[in-house]
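# Commentary on secondary and tertiary structure
Chain residues, written in single-letter form:
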Amino acid sequence: MALLEVEALTKSFGGVTAIADLGFEVPEGLVYSVIGPNGAGKTTLFNMLSGIYRPDEGSIRFMDQGVVVGRQPHQVAALGISRTFQNLQMFFNMSVLDNVMVGCHLRTRTGLFSAALRLPRIKREEMLSRQWAQEALAICNLDKFIGQEAGSLPYGVLKRLEIARALAVQPRLLLMDEPAAGLNDTETLEMRKLIRRICDSGITVLLVEHNMGLVMQVSDRVLVLDYGSRLAEGTPVEIQNDRRVIEAYLGGEVRYAL
Ligand SMILES: Nc1ncnc2c1ncn2[C@@H]1O[C@H](COP(=O)(O)OP(=O)(O)OP(=O)(O)O)[C@@H](O)[C@H]1O
Ligand SMILES: [Mg+2]
C-alpha cells in the first residue's frame, strides 16, 4: 500500500498551469525523486503536499486515511509530513538547537495555548522537543554545532540544519526541495549519505533535486515532470533510458543537463 497517493492534482496561477492532472503513488520506505526542468512545478507540488497551497482540483491521501487537502501546514505536519525549503529558512541569530526546536513546536502547538494554565505539560513538551531535536541533530551529524549561532555556520551545514529541523517533527514522510543546491562535491556526497540514512531509519523521502548524479544514485524511483504533467516514472535505470525523457532533456534544445 502506498504511503502517499496523489490523484488528478491541478494548480494554476492566473494563466499558468503549474501542475496539470498529476497522479503518482509513493510506496513507504523509499527515496522517491521528482525531477524536471525549472518551472516544471516541483515546488508547487511540495507546497500542495505540505498544505501551503490548496490545489484547484485533485486529491492527496497520506497513509490511507489522512486527507491533506484542506489542512493547514501545521496540521499536515501533525499528520506526519514535514519539509525543507528550496531557499534556506533559518533564524540566523538563534542557536542550532533552538532552530531545530522551532520545528518541534509545529507538533506541540496545541500545548502552547495552555502554556499559562498547565505548566507541567509545557515542561514535558519542552523536554520532548529537546530530545527530538538532539536526535535529529545527531542523524544529520550536527551534534558538534549544537550551541553555535546558525548565522556563523557555512551554507553546507545550514542545509543539513534545515533537514534536522524537519526531522525533529518526527515525520513519516520528508519532503526535501533541492537539498544539494549550492553544495560542493564533498558536501553533496555527505548529503547523499544523509538522505540514505534518513530513509534507512524508516522515513520515506520525497526528493526534488537538479543534481542528476545524486538523484540517480540515491533514488529508488523517479518521477519526471514536464510542464506540470507526468512525463515518465520508474527506476533510475528506466528513467535514464526512457526515450521521452532523453528527448525532453537531451534532444534538440537542451533545456536541462542530465
Ligand atoms: N505563487 C506563485 N504565483 C504565480 N506563479 C507561480 C507561483 N508559484 C509558482 N508559480 C509558477 O508555476 C510554475 C511552476 O513553478 P515551480 O516553482 O513549482 O517550479 P519548480 O519546478 O520548482 O522550478 P525550479 O526547478 O526552478 O525550482 C512556474 O511557471 C512559476 O512561475
Ligand atoms: Mg522549485
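For the structure, check the block above.
Remember, predicted model here, so these are calculated numbers, not experimental data. (Residues numbered from 1 in each chain as written. Chains lettered and ligands numbered in written order. Predicted model: local features only at pLDDT ≥ 70, side-chain atom pairs only at ≥ 80, totals over all residues. Heavy atoms only, no water.)

### Examining the site of ligand 1
In the vicinity of ligand 1, 15 residues are found, and the nearest of them are Gly-39, Lys-42, Thr-44, Gln-86 and His-210. Thr-44 has a polar side-chain atom sitting 2.6 Å from an oxygen atom of ligand 1. Element by element, the count of residues in the shell around ligand 1 is highest for helix α1 (residues 42-49), at three residues. Residue composition of the shell around ligand 1, grouped by class: six nonpolar, seven polar and two charged. (Near = heavy atom within 4 Å. Polar contact = N/O pair within 3.5 Å; in protein donor to acceptor, adjacent residues only side chain to side chain. Helix = DSSP H or I, 4+ residues; strand = E, 2+ residues; numbered from the N terminus. Nonpolar A, V, L, I, M, F, W, Y, C, P; charged D, E, K, R; others polar.)

### Notes on the coordination of the magnesium ion (ligand 2)
Here the magnesium ion (ligand 2) is held by the protein donor atoms Thr-43 (OG1) and Gln-86 (OE1), which lie 2.0 to 2.2 Å from it. Of this pair, Thr-43 sits in helix α1 while Gln-86 sits in the loop between β6 (81-83) and α3 (96-107), and the two are 43 residues apart along the sequence. For Gln-86, a relative accessible area of 32% corresponds to the partly exposed category. (Donors = N, O, S within 2.8 Å, 3.2 Å for Na, K, Ca; no water. Buried < 20%, exposed > 50% of the residue type's maximum accessible area, 1.4 Å probe, protein only.)

### Observations regarding the packing of helix α6 (residues 155-167) against helix α7 (residues 185-200)
Where α6 contacts α7, the two axes come as close as 11 Å, and the packing angle between them is 10°. Viewed along their axes, α6 and α7 adopt a mutual orientation that is roughly parallel. Only Glu-187, Glu-190, Met-191, Leu-194 and Ile-198 of α7 make contact with α6, whose side of the interface consists of Gly-156, Lys-159, Arg-160, Ile-163 and Leu-167. Looking at the contact of α6 with α7 residue by residue, the classes come out as five nonpolar, one polar and four charged. (Axes fitted to C-alpha atoms, helices over the stretch in contact; angles between N-to-C directions. Parallel < 35°, antiparallel > 145°, perpendicular 65-115°, else oblique. Contact = heavy atoms within 4.5 Å.)

### Here we look at the pattern of salt bridges
A full pass over the atoms with the stated rule returns seven salt bridges. Notably, a salt bridge pairs Lys-11 with Asp-56, separated by 4.0 Å at the nearest N-O pair. Of this pair, Lys-11 sits in strand β1 (residues 2-13) while Asp-56 sits in the loop between α1 and β4 (57-62), placing them 45 residues apart in sequence. Given a relative accessible area of 12%, Lys-11 falls into the buried group. (Salt bridge = Lys/Arg side-chain N within 4 Å of Asp/Glu carboxyl O.)

### Regarding the environment of Arg-172
For Arg-172, the position within the fold is in the loop between α6 and β7 (173-177). As for Arg-172 and Gly-80, which are separated by 92 residues in sequence, their C-alpha atoms are 5.0 Å apart. Non-local contacts of Arg-172, meaning those with residues more than four positions away in its chain, are made with Leu-3, Glu-28, Phe-62, Met-63, Gly-80, Ile-203 and Thr-204. At 2.8 Å, the side chain of Arg-172 and the side chain of Glu-28 are in polar contact.

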